[in-house]
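# Residue-level structure breakdown
Spelled out from the first residue to the last, the chains are:
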There are 2 protein chains.
Amino acid sequence: MTRFHHKIHENKQGRDLLAEAVLEAASSVDNGFQLREADALYVGCFSSDVFEGQAHLGALMADYLGITPIPSYRVEAACASGGASINLGILAVSSGLFDVVLVGGVEKMRGLDTGKVTDTLAMAADVSYEAAAGFTFPGLYAAMTRAHFNKYGTNWRQLAAISLKNHENAKKNPKAQYQETILEIANKIGQRKGITFEDPYEFLESDFNPVIADPLRLFDCCPISDGAAAVILASEEKARQFTDTPVYVQSFGQASDTLALQDRADLTSIKASKLAAKQAYASAGLEPKDISFACVHDCFTIAEMIASEDLGFFSPGEGGKAAEQGRTGLQGDIPINPDGGLKAKGHPVGATGVAMVVEVFKQLRGECGERQVDDPVYGLAHNVGGTGATVTVQIFGR
Amino acid sequence: MTRFHHKIHENKQGRDLLAEAVLEAASSVDNGFQLREADALYVGCFSSDVFEGQAHLGALMADYLGITPIPSYRVEAACASGGASINLGILAVSSGLFDVVLVGGVEKMRGLDTGKVTDTLAMAADVSYEAAAGFTFPGLYAAMTRAHFNKYGTNWRQLAAISLKNHENAKKNPKAQYQETILEIANKIGQRKGITFEDPYEFLESDFNPVIADPLRLFDCCPISDGAAAVILASEEKARQFTDTPVYVQSFGQASDTLALQDRADLTSIKASKLAAKQAYASAGLEPKDISFACVHDCFTIAEMIASEDLGFFSPGEGGKAAEQGRTGLQGDIPINPDGGLKAKGHPVGATGVAMVVEVFKQLRGECGERQVDDPVYGLAHNVGGTGATVTVQIFGR
């Protein structure tokens, strides 16, 4: 994957970013890999149409990578475009039609100004019934937050614990957008006004961390990022030619739900996450306790809290407490987002679900250096589109 | 499928159009079909993002059709979005993962004015290298036309023959955008100025049919349309429950090529069409002569001429002559576009590849009334994205 970032890719297009990610994926294959060995290409992308004025990204990338005439597809499922592409790639290989499938995810978002990015992201919600009423994603997730607080007595400090943990992890990830702890960021910002912080909460509760959509503050929201990620999916036979230490797809799941939040029976949980996870666990013959670590979709801190419950790691209402107790940290019982998550690693929408699989792959191979989870057996990736109208889950193992 | 049209769907959104198509598909199943029997949903759509400001169409439609929580995907491959969705649907069923897959295609294009539609469609080309140089699709296909004329001595009257034939066919198709012959249209327009035409070429060569991109004139171009189409793909066992006369998927093919026309070795043929067709023929054990009729991608008349050669129905350079001789008419040796084609049936981009399959299905079941092809055995659908950077082909049989 490329580094996810808000500035350094300024002069690149999405095609450049994805090519960079694909070439890195190919060159990291232990026994060598030629792009021409791919039988098909799936590209997850939310809206190159609006962000870059360019569609037809499947063919564009097959062309740009020099791997025509293989069939190519662009898959869109909002912020789960990457996860949906992975699922279709797994299906294609497991069907036996293709031996090797290249799956890429990309989004070049910073070409537009922030307001327009927010409007563009709102296309992932129900534009006629949610965006038209003034809802953008921070507002939608704020509504879910408030419902969770009300039902379970969870609180904002627990959300902040998630943000703090994800920045800690991202500091150890050279591909992350932010590689500083929140305290480090706080003191960098504070310095300008002669302020020194010793407790990150002091900063997080101050006007330096403004309310975006009550109760969510700036550091509860993932940033806007440019970036790309790619993975190579192969049949077992092919994979064994490429490497002696392949990572296995144990299972995958996917579910849909109402596009608009207003149509959900419950705002404190994402039903499609539960269903997608249920499929994935059942198909792999595994339970939540068998999972060594997970990359979950923390577009907002509340999303990670809810995911940690929906995926069965904690009981409903217990996710916040667990985060505060450090149980989801690198040394915790279920490390969540060891790569820094969307919050601190960044969230180039279409790339996110693919980048999660990159992290799971590296963790399972023990290649994560300072952020390495201790001896993982199974890793889970969880990618959410919209407020949960699309959710994908994959489980991988060594 | 809905009727394809430029006016009547003015007050509908894409979601309304696709729901209409899906409900018609479901209600036309001989032994009854409940939408809940679908295991997955694939939606082909080029750019609801730009046309309607709405993305995440897979989940939106699963929601709108009341069939959550099934997995849903939006697939984009420019004007081949529909064909690519069909191919992924076929793959999903043939893999055994799903028994029944619903595939829809939709585009609501007329919300934007014509200039903006042309700009939006240009996103299917290479925006950085083609659109930036001033190319839009009529210009790109005009360049292909000129190359074909130069190499083979084909001429504009042969293109006009394709347009005339497709309007003749569309007159017999209640779902077509235009249901008049070109002579009827000519005299309707001429009447306003007191002119009567007896020969359609007299009209087609006049200023009433202005040059759009030399040598292509207005009636060489497909119109801008709103519309949707849907098909139900099922395992053989399931299909036999739904009907005693299913239509069989014999095979499917797909290929990619350079996105930009400038990078092609030859402009008189679409390489990806030849490759996709080759796959489909080989996999079905069939040859071009076995095909009873075909729905081909005639976004411009030249595209049908080239397709009739690339698909192997005529030798290179012979497609124009064959059209002029009526060999592709309803009574010809290989009827092409019995439904009126993109030219006269209309071309709501994402719906087109799916609508072709609807026509093939109906023809093979002998349900096409006045435009029915005589006792067809195999029907072929051919869908092109851009100037041929994506091509899909499917062959169906009784």
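Before going into details, it helps to say that this report is about the structure given with it. The model shown is predicted, which means the values in this text are computed figures rather than measured ones.

Along its length, chain A carries 15 helices and 10 strands. Radius of gyration (C-alpha) of chain A: 20 Å, near the 21 Å computed for a compact globule of 398 residues. Structurally, chain A occupies a C-alpha span of about 55 × 45 × 45 Å along its principal axes. Across the 398 residues of chain A, 64% fall into the buried class. Across chain A, the fraction of contacts at a sequence separation of at least 24, relative to all contacts at a separation of at least 6, is 74%. Counting every atom, chain A has about 13,600 Å² of accessible surface; 49% of that belongs to carbon and sulfur. Charge-centre separation for chain A: the mean point of 35 positive side chains lies 2 Å from the mean point of 49 negative side chains.

Further remarks concern helix 12 (residues 301–310) of chain A. All names here are of chain A. Burial within helix 12 is extensive, with 10 of its 10 residues counted as buried. Looking at helix 12, one finds that the buried residues are Thr301, Ile302, Ala303, Glu304, Met305, Ile306, Ala307, Ser308, Glu309 and Asp310. Contacts made by the buried residues of helix 12 are with helix 6 (137–152), helix 7 (156–170), strand 5 (216–217), helix 11 (271–284), helix 13 (319–324) and strand 9 (378–385). One or two positions beyond helix 12, positive phi appears at Gly312, with a value near 90 degrees.

In many analyses, interface size is given as the accessible surface area lost on bringing the parts together. Taken residue by residue, the interface counts 55 residues in chain A and 55 residues in chain B. Carbon and sulfur atoms make up 54% of the area that chain A and chain B hide from each other, which totals about 4,000 Å². The tally of links from chain A across to chain B stands at 4 salt bridges. The salt bridge partner of A:Glu76 is B:Arg74, with a shortest N-O separation of 3.1 Å.

With that settled, the discussion passes to the relation of the copies chain A and chain B. Here chain A sits on chain B after a turn of 180 degrees about the axis and a move of 0.0 Å along it, with an RMSD of 0.0 Å. Put plainly, the chains are arranged around a two-fold axis. In this assembly, 100% of the residues forming the interface of chain A have copies in chain B that are likewise at the interface, indicating an isologous arrangement.

Here we come to the packing of aromatic side chains. Going through the model one piece at a time under the given rule, you end up with 19 aromatic pairs over all chains. Pairing A:Trp156 with A:Tyr201 gives two aromatic rings, centres 6.4 Å apart and planes at 80 degrees, and the pair type is edge-to-face. Of the two residues, A:Trp156 sits in helix 7 while A:Tyr201 sits in helix 9 (residues 200–204), which places them 45 residues apart along the sequence. Overall, A:Tyr201 belongs to the buried group, its relative accessible area being 11%. On the basis of an interplanar angle of 90 degrees and a centroid distance of 5.8 Å, the ring pair of B:Phe197 and B:Phe208 is categorised as edge-to-face. One end of the pair, B:Phe197, is in the loop between helix 8 (182–191) and helix 9 (200–204); the other, B:Phe208, is in the loop between helix 9 and strand 4 (211–213), with 11 residues separating them in the sequence. Owing to a relative accessible area of 6%, B:Phe197 belongs among the buried residues under this scheme. Taken together through their ring pairs, the aromatic side chains of A:Phe197, A:Phe203, A:Phe208 and A:Phe219 make up a single cluster. Above the plane of the ring of A:Tyr201 lies A:Arg157, whose end atom (NZ or CZ) is 3.8 Å from the centre.

This part is about the nonpolar core. Formed by 208 residues in total, the largest nonpolar core has its most connected members in A:Tyr42, A:Tyr141, B:Tyr42 and B:Tyr141. Apart from residues lying up to four places away in sequence, A:Tyr141 is in contact with A:Leu216, A:Ile270, A:Cys299, A:Phe300, A:Ile302, A:Ala303, A:Val384, A:Gly386 and A:Thr387.

The next thing to look at is the pattern of salt bridges. All chains considered together, the criterion is met by 42 salt bridges over all chains. With its nearest N and O atoms 2.6 Å apart, the salt bridge here joins B:Asp214 to B:Arg146. Of this pair, B:Asp214 sits in the loop between strand 4 and strand 5 (216–217) while B:Arg146 sits in helix 6 (residues 137–152); the two residues are 68 residues apart in sequence, bridging distant segments of the chain. Taken together, the salt bridges that share partners define one network made up of A:Asp30, A:Arg365 and A:Glu367.

The next subject is the sheet that holds strand 9 (residues 378–385) of chain B. Residues and elements named next belong to chain B. Taken together, the 4 strands give an open sheet; going across it, the order is 7-10-9-8, and neighbouring strands pair in mixed fashion. The sheet is open, and its two borders are formed by strand 7 (248–256) and strand 8 (293–295), each paired with just one other strand. Ignoring which end each strand starts from, the neighbouring axes of this sheet average 15 degrees apart. As paired strands, strand 9 and strand 10 (residues 390–397) are joined by 8 bridges and run antiparallel to one another. Bridging from a neighbouring strand, Ala381 pairs with Gln394 of strand 10.

Glancing now at helix 4 (residues 81–94) of chain B. Counted at 1.5 Å a residue, the expected span for helix 4 of chain B with its 14 residues is 20 Å, and the 20 Å between its end C-alpha atoms agrees. For helix 4 of chain B, the tally of buried residues reaches 13 of 14 residues, placing the bulk of the element in the interior.

So, about the pairing of strand 3 (residues 100–108) of chain B. Residues and elements named next belong to chain B. Burial runs high along strand 3: 9 of the 9 residues are buried. On strand 3, burial covers both faces: Val100, Leu102, Gly104, Val106 and Lys108 on one face and Val101, Val103, Gly105 and Glu107 on the other are all buried. In this structure, strand 3 lies alongside strand 6 (residues 226–234), joined through 9 bridges in antiparallel fashion. Across the sheet, the residue bridging to Leu102 is Ile232, located in strand 6.

Positionally, A:Ser72 belongs in strand 2 (residues 72–76). At 3.2 Å, the side chain of A:Ser72 forms a polar contact with the backbone nitrogen of A:Ala59.

All names here are of chain B. At their nearest, the axes of helix 1 (residues 14–27) and helix 3 (residues 57–64) sit 10 Å apart, and the two run at 60 degrees to each other. Here helix 1 lies oblique to helix 3, going by the angle between them. Where helix 1 crosses over helix 3, the handedness of that crossing is right-handed. Between helix 1 and helix 3, the residues in contact are Arg15, Asp16, Leu18 and Ala19 and Leu60, Met61 and Tyr64, respectively. Split by residue class, the contact of helix 1 with helix 3 holds 5 nonpolar, no polar and 2 charged.

Residue and element names in this part refer to chain A. Within the element layout of this structure, Ala307 appears in helix 12. Owing to a relative accessible area of 1%, Ala307 belongs among the buried residues under this scheme. As a C-alpha pair, Ala307 and Ser47 span 260 residues in sequence and 25 Å in three-dimensional space. Sequence-distant contacts of Ala307, defined by excluding residues within four places in its chain, comprise Val296 and His382.

Residues and elements named next belong to chain A. The mixed open sheet is built from 4 strands, whose spatial order is 7-10-9-8. The open sheet has two free edges, formed respectively by strand 7 (248–256) and strand 8 (293–295), since each of these has just one partner strand. Adjacent strand axes in the sheet meet at a mean angle of 15 degrees when their direction is disregarded. Relative to strand 10 (residues 390–397), strand 7 runs antiparallel, the two sharing 8 bridges. The partner of Ser251 across the bridge, within strand 10, is Ile395. Contacting strand 7, strand 9 and strand 10, helix 4 (residues 81–94) crosses the sheet at an angle of about 55 degrees to strand 10. Where helix 15 (residues 349–364) meets the sheet, its contacts fall on strand 8, strand 9 and strand 10, and the angle it forms with strand 9 comes to roughly 170 degrees.

Rules of the game
- The residue count restarts for each chain, going from 1 along the sequence in the order it is written.
- Whichever chain is written first becomes A and whichever ligand is written first becomes 1, with later ones labelled in order.
- In keeping with the predicted nature of the model, local features appear solely for residues at pLDDT of at least 70, side-chain atom pairs appear and are counted solely at 80 or more, and the whole-chain, interface and lining totals rest on all residues.
- In computing side-chain values, all of the structure's heavy atoms are included and hydrogens and water are not.
- Counting from the N terminus, the helices are the DSSP runs of H or I reaching at least four residues and the strands are the DSSP runs of E reaching at least two.
- With the radius of gyration taken over C-alpha atoms, the globule rule is written as 2.2 Å times the number of residues to the power 0.38.
- The buried label goes to any residue with under 20% of its type's maximum accessible area, the exposed label to any with over 50%, and the partly exposed label to all in between, with areas taken from a 1.4 Å probe on protein chains only.
- Throughout, a contact is declared for two residues whenever any of their heavy atoms are within 4.5 Å.
- Each accessible area value is a Shrake-Rupley result obtained with a 1.4 Å probe; residue values ignore everything except the protein chains displayed when judging cover.
- Two residue types count as positive, namely Lys and Arg, and two as negative, namely Asp and Glu; His and chain ends fall outside the count.
- The atoms used to mark charge sites are NZ of Lys, CZ of Arg, CG of Asp and CD of Glu.
- Buried area: the sum, over both parts, of the accessible surface (1.4 Å probe) that disappears when the two are put together.
- Any Lys or Arg side-chain nitrogen found within 4 Å of a carboxyl oxygen on Asp or Glu counts as a salt bridge.
- Least-squares superposition aligns the copies on the C-alpha atoms of those residues with pLDDT at or above 70 in both.
- Each aromatic pair joins two rings of Phe, Tyr and Trp (for Trp, the six-membered one) with centres within 6.5 Å, and gets the label stacked for planes under 30 degrees apart, edge-to-face for over 60, and tilted for any other angle.
- As a reminder, the over-ring test applies to NZ of lysine and CZ of arginine, requiring each to be within 6 Å of the ring centre and within 35 degrees of the ring normal.
- The term nonpolar core refers to a set of buried residues drawn from Ala, Val, Leu, Ile, Met, Phe, Trp, Tyr and Cys, joined through side-chain atoms within 4.5 Å.
- Two strands qualify as a pair provided DSSP detects at least 2 bridges between them.
- Orientation is described by lines fitted to C-alpha atoms, with helices fitted over the stretch in contact, and by angles between N-to-C directions that extend from 0 to 180 degrees.
- Given a helix with a known number of residues, its expected span is that number minus one, times 1.5 Å.
- Polar contacts here mean pairs of N or O atoms no more than 3.5 Å apart (in protein, one a potential hydrogen donor and the other a potential acceptor; neighbouring residues in sequence count only if both atoms are side-chain atoms).
- Angle categories are assigned with fixed cut-offs, so that under 35 degrees is roughly parallel, over 145 is roughly antiparallel, 65 to 115 is roughly perpendicular, and the rest are oblique.
- A clockwise turn of the near helix away from the far one marks a right-handed crossing, whereas an anticlockwise turn of less than a right angle marks a left-handed crossing.
- Side-chain classes follow a simple rule in which Ala, Val, Leu, Ile, Met, Phe, Trp, Tyr, Cys and Pro form the nonpolar group, Asp, Glu, Lys and Arg form the charged group, and the remainder, Gly included, forms the polar group.

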